[in-house]
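Listed below, chain by chain, are the residues.
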Amino acid sequence: MPQANNQSLAKLTQDGQFRWLLAGNTAMFFGVFGTILLRSMVAWEITGDEMALAHINLISALCMFATSLVSGTLIDRYERKHFLIFSQGIILVAEGTVLVLLIIGELSFTLLLVSAIASSIAFPFVMPARTAMLVDAVGKMRLARATALMTAGVNLARMISPAGFGIAAELTGFVLCYSCLLYTSPSP
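Here we summarise the structure given alongside this text.

**Description of the packing of helix H3 (residues 50-77) against helix H5 (residues 109-138)**
The interhelical angle for the contact between H3 and H5, taken along N-to-C directions, is 30°, at an axis separation of 7 Å. The angle between H3 and H5 places the two elements in the roughly parallel class. Classified by chirality, the crossing of H5 by H3 is right-handed. Looking at the contact of H3 with H5 residue by residue, the classes come out as 18 nonpolar, 7 polar and no charged.

This is the structure we're talking about:
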């Protein structure tokens, strides 16, 4: 039985569409968890106020929660690819704006907060669309294994990304880290 499981796992990882979805999802979560840390660090750098960290993370969480209440329903009713592209575009513009403002030295806490709100409203549309794509990519028979691998990628990102981005921010600064975030932005 273990050999059959290994063969099934090997077949799954040989599927090009699934590999792209797994790599894209894992990279996206490296960016998501890195963004949470970097946004907090930038808020601290700009304000020097502990409450700024609480405010930006609370606002982000509330926006993400509120949007998540309707995102799955909307994605089921309309073309998920359009939601995915539009949402990822919003995230890319929001985080790209932070990068540009960091480079020119004009980033304010208010603009960082607006970026956080935009990204947090858009992100809950990305995950349900990607999850639906997973079923289409692997079928129902391999869905449990595929979900387990996707979850492993998310957990890997959750453990490594904040530490990696924290160290990188200390060594290289926020501009390079935000540039890396744009590279790991969600891609369809």
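From this point, the discussion proceeds with the structure in view.
**Re the nonpolar core**
Generally speaking, a soluble globular protein has its nonpolar side chains buried in company with each other. Counting 19 residues, the largest nonpolar core has Leu 38, Leu 107, Leu 112 and Tyr 178 as the members making the most contacts within it. Those elements giving two or more residues to this core turn out to be helix H2 (16-47), H3, helix H4 (80-104), H5, helix H6 (143-172) and helix H7 (174-183).

**Considering the environment of Ile 59**
Residue placement: Ile 59 occurs in helix H3. Of the residues examined, Ile 59 reaches a relative accessible area of 30% and is grouped as partly exposed. C-alpha separation for the pair Ile 59 and Ser 71, spaced 12 residues apart in sequence, amounts to 18 Å. Apart from the residues lying within four places of it in its own chain, the contact partners of Ile 59 are Leu 113 and Ile 117.

**Focus: H3**
Under the 1.5 Å per step criterion, the end-to-end length of H3 is 42 Å for 28 residues, consistent within 8% with the ideal 40 Å. Inspection of H3 places Ala 52, Ile 56, Ser 60, Cys 63, Thr 67, Ser 71 and Ile 75 among the buried residues, and these make up the whole buried set. The inward-facing, buried residues of H3 contact H2, H4 and H5. For H3, the N-terminal cap is Asp 49; the gap from its side-chain oxygen to the backbone nitrogen of Met 51 is 3.2 Å.

Conventions used here
Starting from 1, residues in each chain are numbered consecutively following that chain's sequence as written. Given that the model is predicted, a residue must reach a pLDDT of at least 70 before its local features are reported, and side-chain atom pairs must reach 80 or more before they are shown or counted; all residues, however, enter totals for whole chains, interfaces and linings. Processing note: side-chain calculations cover all non-hydrogen atoms of the structure and skip hydrogens and water entirely. Axes here refer to lines fitted to C-alpha atoms; in helices the fit is confined to the stretch in contact. Angles between the N-to-C directions go from 0 to 180 degrees. In this text, helices come from DSSP runs of H or I with a minimum length of four residues, and strands from runs of E with a minimum of two, each type numbered from the N-terminal end. Roughly parallel covers angles under 35 degrees, roughly antiparallel covers those over 145, roughly perpendicular covers 65 to 115, and oblique covers all other angles. Throughout, a crossing is termed right-handed when the near helix is turned clockwise from the far one, and left-handed when it is turned anticlockwise from it by less than a right angle. Three classes are used: nonpolar for Ala, Val, Leu, Ile, Met, Phe, Trp, Tyr, Cys and Pro, charged for Asp, Glu, Lys and Arg, and polar for all others, with Gly counted as polar. Side-chain atoms within 4.5 Å link the members of a nonpolar core, which is a set of buried Ala, Val, Leu, Ile, Met, Phe, Trp, Tyr and Cys residues. Relative accessibility under 20% of the residue-type maximum defines a buried residue, over 50% an exposed one, and the middle range a partly exposed one, all with a 1.4 Å probe and only protein chains included. Any two residues having at least one pair of non-hydrogen atoms within 4.5 Å are treated as being in contact. Any helix carries an expected span of 1.5 Å times its number of residues minus one. In protein, a polar contact means a hydrogen-donor-capable atom and an acceptor-capable atom, both N or O and within 3.5 Å, with residues adjacent in sequence counting only if both atoms are side-chain atoms; elsewhere, any N or O pair within 3.5 Å suffices.

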